[in-house]
Amino acid sequence: MPEYEFVDVYVPRGVSRKETARLLTDHAEYGHWELHRLSLLRDGSRRVRLRRRIIRQVRATW
């Protein structure tokens, strides 16, 4: 089963939808994050949870 690490991003209500999309695209392109969950709160702000897979290297044995 794959293991993931998570990061929570809070986007205030004054940030446009287009700016939010660009912010998340930057995280995805440069940090290899993917969208796990997006919550639109009652005050208009957004809470975003991003995840990326943890890749563990197997130690070589001789």
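Because the structure is a prediction, the values reported are computed rather than measured.

### Notes on the environment of His-27
Relative to the helices and strands, His-27 resides in helix α1 (residues 17-31). On the accessibility criterion, His-27 (27% relative accessible area) is partly exposed. Beyond its immediate stretch of four places on either side in the chain, His-27 contacts Val-9, His-32, Trp-33 and Leu-50.

### A word on the nonpolar core
Counting six residues, the largest nonpolar core consists of Val-9, Val-11, Leu-24, Trp-33, Val-48 and Leu-50. Those elements that provide at least two residues to this core are β1 (4-11) and β3 (46-53).

### Things to note about α1
An ideal rise of 1.5 Å per residue puts 21 Å on 15 residues; α1 measures up with 21 Å between its terminal C-alpha atoms. Regarding α1, the residues found buried are Thr-20, Leu-24 and Gly-31. Along the long axis of α1, the arc covered by the buried residues comes to 70 degrees, so they all point the same way. Seen from the buried face of α1, the exposed residues on the opposite side, beyond 90 degrees, are Lys-18, Arg-22 and Tyr-30. Turning to α1, the residues buried within the fold contact β1, β2 (34-40) and β3. Following α1 by one or two positions, His-32 adopts a phi angle in the positive range, close to 60 degrees.

### With respect to the pattern of salt bridges
In the structure shown here, the tally under the stated rule is five salt bridges. With a shortest N-O distance of 3.1 Å, Glu-3 and Arg-56 are connected by a salt bridge. Within this pair, whereas Glu-3 is found in the segment before β1, its partner Arg-56 is found in the segment after β3, the two being separated by 53 residues in sequence.

Conventions and cut-offs
- Residues numbered from 1 in each chain as written.
- Predicted model: local features only at pLDDT ≥ 70, side-chain atom pairs only at ≥ 80, totals over all residues.
- Heavy atoms only, no water.
- Helix = DSSP H or I, 4+ residues; strand = E, 2+ residues; numbered from the N terminus.
- Buried < 20%, exposed > 50% of the residue type's maximum accessible area, 1.4 Å probe, protein only.
- Contact = heavy atoms within 4.5 Å.
- Core = buried A, V, L, I, M, F, W, Y, C linked by side-chain atoms within 4.5 Å.
- Expected span 1.5 Å × (residues − 1).
- Arc of directions from axis to C-beta.
- Salt bridge = Lys/Arg side-chain N within 4 Å of Asp/Glu carboxyl O.

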